[in-house]
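A structural walkthrough
Below, each chain spelled out in residue letters.
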Amino acid sequence: MSFRSLALGDKVTFYDTGPKPFNVRAVSPDQRIVILSRPVDESNAVEYTMIDWERDARGLDGTFGRGHVIGSGVHRNLWRFFRGVTTDAPATTQTVMDFTRWVSLSISAVNGRP
């Protein structure tokens with residue numbers, strides 16, 4: 001199965017992150033970049049990661065933020081990020097989107113399917 005056609009709401013499991021899936025939160029207009037998050041156990045924090053299909057890698061930034069509630073400003077902020085408009089984006093979005101460490105892309109399942 002090809003995993004390159006991820007959509008908002010898809011649940012993605014990576015070989016190197018354990019069984020708890022990440023949720024697709026945004027896909028860039030050219031579908032090259034995918035932003036994902038998942039809740040951190042027993043807290044109200046969220047862990048973020050990013051897929052870059054061109055690099056064939058997954059970006060990590062070590063950020064655990066409070067996250068965005070779907071329906072909040074997350075889509076507007078991600079739209080700004082993908083288009084390079086950061087001057088008026090909230091500082092938390094800029095921090096969350098600072099992916100500097102890259103690991104090999106290793107998707108094990110999407111929506112529970114290998």
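Residues numbered from 1 in each chain as written. Predicted model: local features only at pLDDT ≥ 70, side-chain atom pairs only at ≥ 80, totals over all residues. Heavy atoms only, no water.

Turning next to the overall build of the chain. A tally of regular secondary structure across the chain gives two helices and eight strands. Counting from the amino terminus, the chain carries its helices and strands in the arrangement β-β-β-β-β-β-α-α-β-β. Of the contacts formed within the chain by residues at least 6 apart in sequence, a portion of 48% connects residues at least 24 apart. Taken as a whole, the chain presents about 6700 Å² of accessible surface, with 51% of it coming from carbon and sulfur. (Helix = DSSP H or I, 4+ residues; strand = E, 2+ residues; numbered from the N terminus. Contact = heavy atoms within 4.5 Å. Areas by Shrake-Rupley, 256 points an atom, 1.4 Å probe, with all protein chains shown as cover.)

This part is about the side chain of Arg58. Note that Arg58 resides in strand β5 (residues 57-60). Take Arg58: its relative accessible area is 3%, and that puts it in the buried class. Only 3.1 Å separates the side chain of Arg58 from the side chain of Thr49, close enough to count as a polar contact. Those residues within four positions of Arg58 in sequence are excluded, and the remaining contacts are Phe14, Asp16, Thr17, Thr49, Met50, Arg101, Trp102, Val103 and Leu105. (Buried < 20%, exposed > 50% of the residue type's maximum accessible area, 1.4 Å probe, protein only. Polar contact = N/O pair within 3.5 Å; in protein donor to acceptor, adjacent residues only side chain to side chain.)

With the rule as written, the count across this model stands at five salt bridges. Between Arg38 and Glu47 there is a salt bridge, with its nearest N and O atoms 2.9 Å apart. As far as burial versus exposure is concerned, Arg38 and Glu47 are alike and both buried. With its nearest N and O atoms 3.5 Å apart, the salt bridge here joins Asp52 to Arg55. Overall, Arg55 belongs to the partly exposed group, its relative accessible area being 48%. Ionic contacts of the salt-bridge type, sharing partners, join the residues Arg32, Asp52, Glu54 and Arg55 into one network. (Salt bridge = Lys/Arg side-chain N within 4 Å of Asp/Glu carboxyl O.)

Let us look at the pairing of strand β3 (residues 33-39). Most of β3 is tucked away, with six of its seven residues classed as buried. Of the strand pairs in this sheet, strand β2 (residues 22-27) and β3 are connected by four bridges, and their pairing is antiparallel. Counted as the bridge partner of Val24 is Leu36 from β3. Note: β3 against strand β4 (residues 46-52), seven bridges, orientation antiparallel. Bridging across to β4, Val34 finds its partner in Ile51. (Pairing = 2+ DSSP bridges.)

Bear in mind that shape data such as this cannot, by itself, settle questions of function.
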